[in-house]
Amino acid sequence: MTTAQRGTVGQGVVAQREAGAGTERRHGAAAWSGLARRSVLAGACAVALGPGLAGCSRVPDTIKIGVAQPLSGPLAALGQDMLNGVRLAVDELNQSGFKVDGKRVALEVVAQDDRADAATGKTVAQQLVESGVVAVIGHLNSGVSIEAAPIYAAQGIPQLAISTHPRFTELGLPGTFRLVANDNLQSRAMGSFAATQLAANAYAVLDDGTPYGKGLADGAAQQIEAEKRRVAVRQSFDDQTTDFKALAARLQQERVGVIVSTLNDFQVLALIDALAQVNYTGVSILGGDTIKTTDMLRGDRKVAAIYATSPVLEAREFVTGRQFLDRYDRAFKKAPAYGGHYSYDATYVISAAIQQAKSADPKAIAKVLHGINGYAPVTGTMKWDEKGEQRYGAVGVYGMRAGQWELRMRSDRW
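Scoring rules and cut-offs
- Residues numbered from 1 in each chain as written.
- Predicted model: local features only at pLDDT ≥ 70, side-chain atom pairs only at ≥ 80, totals over all residues.
- Heavy atoms only, no water.
- Helix = DSSP H or I, 4+ residues; strand = E, 2+ residues; numbered from the N terminus.
- Buried < 20%, exposed > 50% of the residue type's maximum accessible area, 1.4 Å probe, protein only.
- Contact = heavy atoms within 4.5 Å.
- Areas by Shrake-Rupley, 256 points an atom, 1.4 Å probe, with all protein chains shown as cover.
- Phe/Tyr/Trp six-rings, centres within 6.5 Å; stacked < 30°, edge-to-face > 60°.
- Lys NZ or Arg CZ within 6 Å of the ring centre and 35° of its normal.
- pLDDT = per-residue confidence, 0-100.
- Salt bridge = Lys/Arg side-chain N within 4 Å of Asp/Glu carboxyl O.

1. Remarks on the overall build of the chain
So, step 1. Counting its secondary structure elements, the chain contains 12 helices and 17 strands.
So, step 2. Here the chain holds 414 residues, and 56% of them are scored as buried.
So, step 3. Contacts spanning at least 24 positions in sequence make up 68% of the contacts within the chain whose residues lie at least 6 apart.
So, step 4. As presented, the chain carries roughly 17100 Å² of accessible surface, and 47% of it is formed by carbon and sulfur atoms.

2. A word on the packing of aromatic side chains
Each aromatic ring pair is specified by the distance between its two centres and by the angle formed by the two planes.
So, step 1. Within this structure, the stated rule accounts for seven aromatic pairs.
So, step 2. Consider the rings of Tyr344 and Tyr348, whose centres lie 5.2 Å apart with planes at 55 degrees: the pair is tilted. Of this pair, Tyr344 and Tyr348 both sit in helix H11 (residues 340-357), separated by four residues, roughly a single helical turn.
So, step 3. Judged by its relative accessible area of 1%, Tyr344 is buried.
So, step 4. The exposure class assigned to Tyr348 is buried, which follows from its relative accessible area of 17%.
So, step 5. Members of the aromatic cluster, joined through ring pairs, are Phe324, Tyr328, Phe332, Tyr344 and Tyr348.
So, step 6. Here the guanidinium or amino end of Lys292 rests over the ring plane of Tyr398, the centre of that ring lying 4.3 Å away.

3. Digging into the confidence of the model for the chain
So, step 1. Looking at the chain, the pLDDT average stands at 88 and 86% of residues meet or exceed 70.
So, step 2. The low-confidence segment residues 1-55, where pLDDT is below 50, has 107 contacts with residues more than four positions distant or belonging to other chains.

4. Here's the deal with the pattern of salt bridges
So, step 1. One pass over the structure, following the stated rule, counts 12 salt bridges.
So, step 2. The partner of Arg410 in a salt bridge is Glu317, with the nearest N and O atoms 2.8 Å apart. You can see Arg410 sitting in strand S17 (residues 404-411) and its partner Glu317 sitting in the loop between strand S13 (305-310) and helix H10 (321-332), a full 93 residues away along the chain.
So, step 3. According to the relative accessible area criterion, Glu317 is partly exposed, its value standing at 21%.
So, step 4. In this structure, a network of salt bridges that share partners links the residues Asp207, Lys214, Asp218 and Arg234.

Written out as structure tokens, the structure is:
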């Protein structure tokens, strides 16, 4: 989750706006926002639809798909991976001759860096609205997605997020769609696995203070206690803390055998170093998907065991995953870091919704998404309930072994 993945796909095929592009360029007083352009063009088309002029199309030549992810900072690898998935899908769709209502249309990616920050995310959301996007794939962080959602909703723009906090879909907005299982299922997975598969006399539950981390940790702690296990340490930090000397001493004093954590990978690595300094490394660590990264593999064999839960199942677990991985590698010269196959699939489902709606109107697209059983090239199918929860979401538990993450078990029930 730290090394940003970079790459370009199909140069000259897709006009892509990179992260941090800021507000849309305007040239003089005659420049229009994306929303104004759509309104004026629709009006012009309506005037043109007189006798003998019925061929005027309401479908624009270019349709913009927004991407809002952290493209700088500690989570850049995750965000860049999500952006890469959209790029790859858009490139393929454009090369295939994408059409809407019989008209050839070019898809364009408009990307923004939300910096994993809620305030920045709101600014980015407004910029994407003004640029005229018809849908947004974002954001990564739950706190950012929740803050940005009303901005998209005000214009009827569907928001497809990999964020997992339940509140995202509980806002009651018509355009919120989750790509994976939510934290309710993941917290049960964490607590159940920790209590039944990693038995210990005492447990510690740690979180990073974010809506994602704290909510997930609270649910895991409740599940552990429901299994009649003792949570001896329950502590929150901020998401940048790396000084864990005092914590390591307390874990040793309480004789904690299992640490359940929603800290980031670099934080858990710092905790492992602190445990080594007090010669207390015979512990097992179970984290959320924020530690299921390539960087976290540096902790292999430094403690008794390391596990991670994630609603983001790996591409290689799916039948067509290998083909996707090959295409991704050719395009970006490296493997995916996180959920690029989900953003790739989401782009295909959005494109299908645009075709079914025969329109670039965000509200029409959102309406189709609520009823679609969308073909997803890697994960198979994306379908949402009335709140926007993913019907096919599951949570996997992965163990670190010989320098790689291996699936241990997976369930949609836990």
